[in-house]
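Residue strings, one per chain:
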Amino acid sequence: MSHLLTLLLLPFSWLYAGVMAVRNWLYDTGRKSSGNFWPVPVLSVGNLRVGGTGKTPHVAWLVHELRRLGQQPAILSRGYGRRTRGYRLGNPRETAETFGDEPLQHYQDFGGQVPVAVCEDRLTGLSKLFALPQVGAVVLDDAYQHRRVQPDFSVLLTEQHRPFYDDYVLPAGRLRESRAGARRADVVIVTKCDRTLDAAQQQEIARRIRRYARPDVPVLFSTYAYAAPVPLAGSAATPAGCGPEIVLLTGIAQPGPLRDYLTRAGYRIVHHAAFPDHHAFTAEEIAGVAAQCGPGRCIFTTQKDATRLLAPALHTEIARLPVFYIPVTVEFLADGAARLRQLLPAASPPHAVV
């Protein structure tokens, strides 16, 4: 967005920020009620900025750690992009259309061993998850602005190269609310960091974050770790992989880090079919991508996009193509992982839900 356009849109941003500020004030002062007494720990992962800050892999990291600590966590998401309504508990028959791509990815990643549910009403979703006897904690995906739920522990994500403190509220920028919303965070994680980010740079970023967050809030730094390409089930991909020329297919908010990784890994992206976040691929679009996939070339995609490529309507097209997805996990810089483990809420005895 050009600087001039940003200036022209600022009055509308101030209006939107004012509306959000009043809404937050009503919750902060108790004039609007929010649930804040839970029978098990409730953790929230979210951001101030619209778009991909890395929520999905950070939710997965938290769930892995809670399981390692002996808890049995569940995941609750709104299920953005699904064509269903109401509460749904994940099962092997779900698709991205019925469940949402990110919740389906979580369900598949944990092999059905972690309850994953979707519900646009988070309070309803929580009450139903609490009724499951095995649930010992709940991780809320993308719930930072969902003020009807007051979590026990709130994780705010912001990207190193797109930090919230350099952004503006919609429509002049990409923030969902003003920078002051960072004060609700119990920890701030700066995501998608350069591995070469040194201590002095980290301290400067933390200083700028604490201008808006609480002065003592822990600020941690994470980066992505990409794994070897995995053949997409139902496609013509084989474990032997493919050559250095690839076609990239993405429907995510920020494909830049993946492009950078693939280039560093020695691949040459001959064509990038870039679609909007959560895009529902059509057979015609996949056929267009296939036209770019000449001899010796494979199609690479993200793990989130892979859930949508498994849609029944795409089976015929996908079966003809060598499609691989690239798994991604979170790694923390310095002692960030150990510090975050110490911050996680311990399992607590049941108490009343109001």
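Residues numbered from 1 in each chain as written. Predicted model: local features only at pLDDT ≥ 70, side-chain atom pairs only at ≥ 80, totals over all residues. Heavy atoms only, no water.

Just checking my understanding: could you explain the pattern of salt bridges for this structure?
For side chains of opposite charge, pairing can occur when their charged atoms come near one another. Across all of its chains, the model carries 24 salt bridges by this definition. The salt bridge partner of Arg 148 is Asp 121, with a shortest N-O separation of 3.3 Å. Of the two residues, Arg 148 sits in the loop between strand E5 (137-141) and strand E6 (153-159) while Asp 121 sits in the loop between strand E4 (116-118) and helix H5 (122-130), which places them 27 residues apart along the sequence. A residue is classified by how much of its surface remains accessible, and Asp 121, at 25% relative accessible area, is partly exposed. (Salt bridge = Lys/Arg side-chain N within 4 Å of Asp/Glu carboxyl O. Helix = DSSP H or I, 4+ residues; strand = E, 2+ residues; numbered from the N terminus. Buried < 20%, exposed > 50% of the residue type's maximum accessible area, 1.4 Å probe, protein only.)

Which parts of the structure should I look at to understand the sheet that holds E5?
Strand pairing within a sheet occurs via backbone hydrogen bonds; the two strands may be parallel or antiparallel. Here nine strands make up an open sheet; going across it, the order is E3-E4-E2-E5-E1-E6-E7-E8-E14 and the pairing mixed. Either end of the sheet is taken by a strand with one partner, and the two such strands are strand E3 (88-89) and strand E14 (328-332). Alignment of strand E8 (residues 219-226) against E14, held across five bridges, turns out to be antiparallel. By the bridge assignment, Tyr 224 is partnered in E14 with Val 330. Strand contacts of helix H11 (residues 336-343): E6, strand E7 (187-191), E8 and E14, with the helix running at about 120° to E8, the strand carrying the most contacts. (Pairing = 2+ DSSP bridges. Contact = heavy atoms within 4.5 Å. Axes fitted to C-alpha atoms, helices over the stretch in contact; angles between N-to-C directions.)

Would you mind showing me how to read the domain arrangement of the protein here?
One widely used convention gives an interface's size as the accessible area the parts lose upon coming together. One can read the domain layout of the protein as domain 1 (3-225 + 333-343) and domain 2 (228-326). Distance between the C-alpha centres of domain 1 and domain 2: 28 Å. Taken together, the contact pairs 14 residues of domain 1 with nine residues of domain 2. Interface area for domain 1 against domain 2, summed over the two sides, is near 1100 Å², with a carbon-plus-sulfur share of 56%. On the surface where domain 1 and domain 2 come into contact, there are two salt bridges. Residue Glu 102 pairs with Lys 304 through a salt bridge whose shortest N-O separation is 3.1 Å. Summed over the shared surface of domain 1 and domain 2, the number is six residue pairs in polar contact (both at pLDDT 80 or more). (Domains from an automatic or database assignment. Buried area = accessible area lost by both parts, 1.4 Å probe. Polar contact = N/O pair within 3.5 Å; in protein donor to acceptor, adjacent residues only side chain to side chain.)

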